[in-house]
Amino acid sequence: MFRLAHLSDIHLGPLPELSFRELASKRVTGWYNWQRNRRRMMFGDTLSDLVLDLKAENPDHIAVTGDLVNLATKKETIASGLWLRDLGTPQLVSLVPGNHDAYVPGALKRSYKEWQPYMTGDDALNSSRKSFPYLRIRDNVAILGVSTAEATAPFFATGTFKRGQALRLAKLLETTRALGLFRVVLIHHPPISGSTSWHKRLIGKQFFSKVMRDVGAELVLHGHTHLDTLYWLKGPDKQIPVVGVPSASQAPGSKNPASRYNLFEITGGPATWTLIQRERGLREHEHGIGWVRERELLADGRAIDARPREDAKEAV
């Protein structure tokens, strides 16, 4: 059995003091949002308690699907690098960036420089010199990270997945399918029509859907929406589960679910994969962190809840 943990949307706080120059940009809207909303609901012991619980479960690998920071200042990026190193070594942790990690022009470059060991593939297995997608193999699991992060205008949180990255991803997925590996794709924005509002959508999701239809994968993990969701994308021979997770820093009492992480148990082989999702985190009416839900997504290589439309979903 391979146990893969998944958490997302860290939004590490507290927010550092910003200079006038830093605020003279899109950051001023994010600063206002933090002061009005996120400071109350996404700061305190919530994240540290969740990480301690995750470590106690001793997963084989940890996937983080973006938004480590809030406004992508230099101080935030460095602090998030320290948080990553406390979470685990680059061998244990795989990361893809989110829209907040690329909040303003130049921020993504700085984030990549600071967090690069966590976003680098196994060199001998990567067929491209491009940063994304990257490929890592851990036991019988292939972890493929793609980037949808880009700087956007104020009040927008869109991401982009372009044709070039799609072609490289398809090639890596073909290679790992031939090796008989369980393929997990990490992406920040959900590659699903209607999964989030128009100003937060993924541009180019049709390229991602085509790769899934043509080559397939066994599991897609995303963040961005701060929701616990399950979607399905059509693959060449089965439906592919697309799973989102609430923000790891979300305190109880908000309209969004409280802090959680997913723990996936992967067993079997190329034609007989079994995938069980267990959710662990804060529960609204109970004290502390515990088990929230368990569901089987794949059994003997087939999807348990295969739905024909890519916008079908289950959410709580």
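Predicted, not measured: the structure shown is a model, and the values here were computed from it.

Conventions and cut-offs
- Residues numbered from 1 in each chain as written.
- Predicted model: local features only at pLDDT ≥ 70, side-chain atom pairs only at ≥ 80, totals over all residues.
- Heavy atoms only, no water.
- Pairing = 2+ DSSP bridges.
- Helix = DSSP H or I, 4+ residues; strand = E, 2+ residues; numbered from the N terminus.
- Contact = heavy atoms within 4.5 Å.
- Axes fitted to C-alpha atoms, helices over the stretch in contact; angles between N-to-C directions.
- Parallel < 35°, antiparallel > 145°, perpendicular 65-115°, else oblique.
- Left-handed = near helix turned anticlockwise from the far one by under 90°.
- Nonpolar A, V, L, I, M, F, W, Y, C, P; charged D, E, K, R; others polar.
- pLDDT = per-residue confidence, 0-100.

## Describing the sheet that holds strand β15 (residues 302-303)
Then comes step 1: Strand order across the open sheet formed by 7 strands is β3-β2-β1-β12-β13-β14-β15, with mixed pairing between neighbours. Edge positions in the open sheet fall to β3 (93-95) and β15, since each of these has one partner strand only.
Then comes step 2: Of the pairings in the sheet, the one linking strand β14 (residues 289-299) to β15 comprises 2 bridges and is antiparallel in character. Each residue of the ladder has a partner; that of L298, found in β15, is A303.
Then comes step 3: Of the strands in this sheet, β1 (2-7), β2 (61-64), β12 (260-267), β13 (274-282) and β14 are in contact with helix α3 (residues 46-57), which crosses β12 at around 20°.

## Examining the packing of helix α6 (residues 163-178) against helix α7 (residues 205-214)
Then comes step 1: Contact geometry for α6 and α7: axes closest at 9 Å, N-to-C directions at 20°. The angle between α6 and α7 falls in the class roughly parallel. The two elements α6 and α7 cross, and the hand of that crossing is right-handed. Counted together, R163, A166, L169, A170, L173 and R177 of α6 and F207, F208, V211, M212 and D214 of α7 form the full contact between these two elements.
Then comes step 2: Of the residues that constitute the contact of α6 with α7, the class distribution is 8 nonpolar, no polar and 3 charged.

## Concerning the confidence of the model for the protein chain
Then comes step 1: Per-residue confidence for the protein chain gives a mean pLDDT of 87, with 84% of residues at or over 70.
Then comes step 2: Predicted confidence is poor over residues 306-316, with pLDDT under 50, and the contacts of this stretch with residues over four places away or in other chains come to 34 contacts.

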